[in-house]
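Geometric and topological summary
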Amino acid sequence: MPKTAVAQAHDLVAAGAVADGVTLLSRAAEAGDADAAMQLAVWYLAGHPIPRDLVIARTLLRRAVTIGHVDAALMEIALTANGSGGIPNWPTAVSLLRAAATADPIAAQQLALLDAMDIDENGFPCRAPARESLSIKPAIVRFPRLFTPAECAHVAGVAGPMLEPARVIDPRTGRWIAHPIRTSDGAAIGPPRENLVIRALNQRIAVASGTTIDQGEPLTVLRYRPGQQYRLHLDTIQGAPNQRLATALIYLNEGYGGGETHFPAAGLTVTPRGGDAIVFINLTADGKPDPLCRHAGLPIMHGVKWLATRWIRAAQIDPWTIG
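Anyway, here's the lowdown on the structure attached to this text. (Residues numbered from 1 in each chain as written. Predicted model: local features only at pLDDT ≥ 70, side-chain atom pairs only at ≥ 80, totals over all residues. Heavy atoms only, no water.)

1. Structural notes on the sheet that holds strand β14 (residues 295–297)
Ordered in space as β8-β14-β11-β12, the four strands form an open sheet in which the pairing is antiparallel. Pairing within the sheet leaves two strands with one partner each, and these edge strands are β8 (230–233) and β12 (268–270). The average undirected angle you get between the axes of adjacent strands in this sheet is 10°. The pairing of strand β11 (residues 261–263) with β14 spans two bridges and is antiparallel. Bridging across to β14, His 262 finds its partner in Ala 296. (Pairing = 2+ DSSP bridges. Helix = DSSP H or I, 4+ residues; strand = E, 2+ residues; numbered from the N terminus. Axes fitted to C-alpha atoms, helices over the stretch in contact; angles between N-to-C directions.)

2. A look at the pattern of salt bridges
Under the definition given, this model contains 12 salt bridges. Taking the shortest distance from any N to any O, the salt bridge between Asp 115 and Arg 98 comes out at 2.9 Å. A residue pair is termed long-range when its members are at least 10 positions apart, and Asp 115 in helix α7 (residues 105–115) and Arg 98 in helix α6 (residues 90–101) qualify at 17 residues. Of the charged contacts, one joins Arg 223 and Asp 185 as a salt bridge, the two residues approaching to 3.0 Å between their closest N and O atoms. With a gap of 38 residues between them, Arg 223 in strand β7 (residues 219–224) and Asp 185 in strand β6 (residues 185–189) connect regions that are remote in the sequence. For the residue pair Arg 223 and Asp 185, the accessibility class agrees, reading buried in each case. (Salt bridge = Lys/Arg side-chain N within 4 Å of Asp/Glu carboxyl O. Buried < 20%, exposed > 50% of the residue type's maximum accessible area, 1.4 Å probe, protein only.)

3. Brief notes about α7
Side chains that are three or four residues apart share a direction in an α-helix, a result of its 3.6 residues per turn. Residues Ala 107, Gln 110, Leu 111, Leu 113 and Leu 114 constitute the buried set of α7. For α7, the angular spread of buried residues about the axis comes to 160°, placing them on one side. Facing away from the buried side of α7 by over 90 degrees, the exposed positions are Pro 105 and Gln 109. Measuring from the side-chain oxygen of the N-cap residue of α7 to the backbone nitrogen of Ile 106 gives 3.2 Å; that N-cap residue is Asp 104. (Arc of directions from axis to C-beta. Polar contact = N/O pair within 3.5 Å; in protein donor to acceptor, adjacent residues only side chain to side chain.)

4. Focus: α6
End to end, α6 covers 16 Å across 12 residues, agreeing with the expected 16 Å (1.5 Å per residue, within 8%). Within α6, the full set of buried residues consists of Trp 90, Ala 93, Val 94, Leu 97, Ala 100 and Ala 101. The arc enclosing the buried residues of α6, seen along the axis, measures out at 125°, which places them on a common side. Elements that come into contact with the buried residues of α6 comprise α5 (70–82), α7 and α9 (196–209). One side-chain oxygen at the N-terminal end of α6 lies 3.0 Å from the backbone nitrogen of Thr 92; it belongs to Asn 89. (Expected span 1.5 Å × (residues − 1). Contact = heavy atoms within 4.5 Å.)

5. Here we look at the nonpolar core
With 45 residues, the main nonpolar core has Phe 147, Val 155, Leu 196 and Leu 252 as its most contacted residues. Counting residues per element, this core draws most heavily on α9, which supplies seven residues. Not counting residues up to four positions away in its chain, the partners in contact with Val 155 are Phe 147, Ile 189, Ile 198, Leu 201, Leu 219, Val 221, Leu 252 and Ala 308. The next biggest cluster of nonpolar side chains, apart from the first, holds 27 residues, and it includes Val 6, Ala 28, Ala 36 and Ala 64. (Core = buried A, V, L, I, M, F, W, Y, C linked by side-chain atoms within 4.5 Å.)

6. A word on the sheet that holds strand β1 (residues 132–135)
Pairing in this open sheet of eight strands is antiparallel, and the strands run β1-β2-β13-β9-β16-β7-β6-β3 from one edge to the other. Looking at strand neighbours, the two that pair on one side only are β1 and β3 (164–165), the edges of this open sheet. Each of β6, β7, β9 (244–251) and β16 (305–313) is contacted by helix α8 (residues 149–159), which is oriented at about 100° to β6, the strand it contacts most. Contacting β2 (140–143), β6, β7, β9, β13 (277–281) and β16, α9 runs over the sheet at an angle of about 65° to β16.

7. Section: the packing of aromatic side chains
Two aromatic rings are characterised by how far apart their centres lie and by the angle between their planes. Enumeration according to the criterion identifies one aromatic pair in this entry. The interplanar angle of 80° and the centroid separation of 5.1 Å between the aromatic rings of Phe 263 and Phe 280 together place this pair among those described as edge-to-face. Note that Phe 263 is positioned in strand β11 and Phe 280 in strand β13, a separation of 17 residues in sequence. In this structure, Phe 263 and Phe 280 share a single accessibility class: buried. Just above the ring of Trp 311 sits the side chain of Arg 244; from NZ or CZ to the centre is 4.1 Å. One Lys or Arg, Lys 305, reaches over the ring of Tyr 224 and ends 5.2 Å from the middle of that ring. (Phe/Tyr/Trp six-rings, centres within 6.5 Å; stacked < 30°, edge-to-face > 60°. Lys NZ or Arg CZ within 6 Å of the ring centre and 35° of its normal.)

8. Description of the pairing of β1
The pairing of β1 with β2 spans three bridges and is antiparallel. Along β2, the bridge assignment pairs Ser 133 with Val 141. The antiparallel hairpin formed by β1 and β2 contains four residues in its connecting segment.

9. Details of the side chain of Arg 244
Secondary-structure assignment places Arg 244 in strand β9. Overall, the relative accessible area of 5% leaves Arg 244 in the buried class. A polar atom in the side chain of Arg 244 sits 3.0 Å from the backbone oxygen of Asp 235.

10. Describing the packing of helix α1 (residues 5–14) against helix α2 (residues 18–30)
One way to put it is that α1 packs onto α2 with a least axis distance of 7 Å and a crossing angle of 165°. In terms of axis orientation, α1 runs roughly antiparallel to α2. Regarding α1 and α2, the two cross each other, and that crossing is left-handed. Between α1, through Ala 5, Val 6, Gln 8, Ala 9, Leu 12 and Val 13, and α2, the contact on the second element is made entirely by Val 18, Asp 20, Gly 21, Leu 24, Leu 25 and Ala 28. The residue makeup of the contact of α1 with α2, split by class, is nine nonpolar, two polar and one charged. (Parallel < 35°, antiparallel > 145°, perpendicular 65-115°, else oblique. Left-handed = near helix turned anticlockwise from the far one by under 90°. Nonpolar A, V, L, I, M, F, W, Y, C, P; charged D, E, K, R; others polar.)

Right under this line is the structure:
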């Protein structure tokens, strides 16, 4: 059986002939090969093995969608909403999702979750979530049931296939590395996978935290099994010019033992409850890391804990640079 254009292109790249692989996929895409258009779009999005170009990637995704590639349709919808390779356009993204939902059950599930949300025509919450102060110094606020059970399950489901051993940022190099301080599995839901449900939830987090959605790093999901934990730490990044101003933690499930979030300086231990969120400020008034915000995710005694984290910067950040 002859190899597909995508398989041939991978062989060429493996042999060092990247330009030939790109040419092969480009010609196949122009001839109506949806998989070739999709693969080339993914290369342009990933920035490997060719330089990242979000505009070209969007063009290729549109080509793949026109031919009938379902996964390309979902990715195009996500990028349309978050503005990668263009201007953010929530109404157009919703229209694309409604069209995709007529034939794709995954799109239909996303649309059902979206339609159940109390959001406006631009995906913003129609009202601010309920809140309760847990600590004044450091500032820690709880938002009871910020996410519904169905929304929590959706977040875990999106991240689940991508989970790998969690990492931390090395203060010397700025790179993500494995470290015994953090024993869990994690995955960041980057722009290509930020479907409209995730996007709307990120907007809800922004409203809860009093920030804008473009200040947030990609939503990161962590899974802790028995014995796993996140030892005492600060969420700030040493020497970062655009520091992590705040952190939002959303507990995606309950029914496990342990896993509380402990703030020693505040004498506070937060018991997780599915759908609840806590938001805390990581910086002092002069913009320096606040030592009072040191916190720990205590060890899991039994069961499995799922947690979503949104680290929020002091200023807008490019989500494509995080990884």
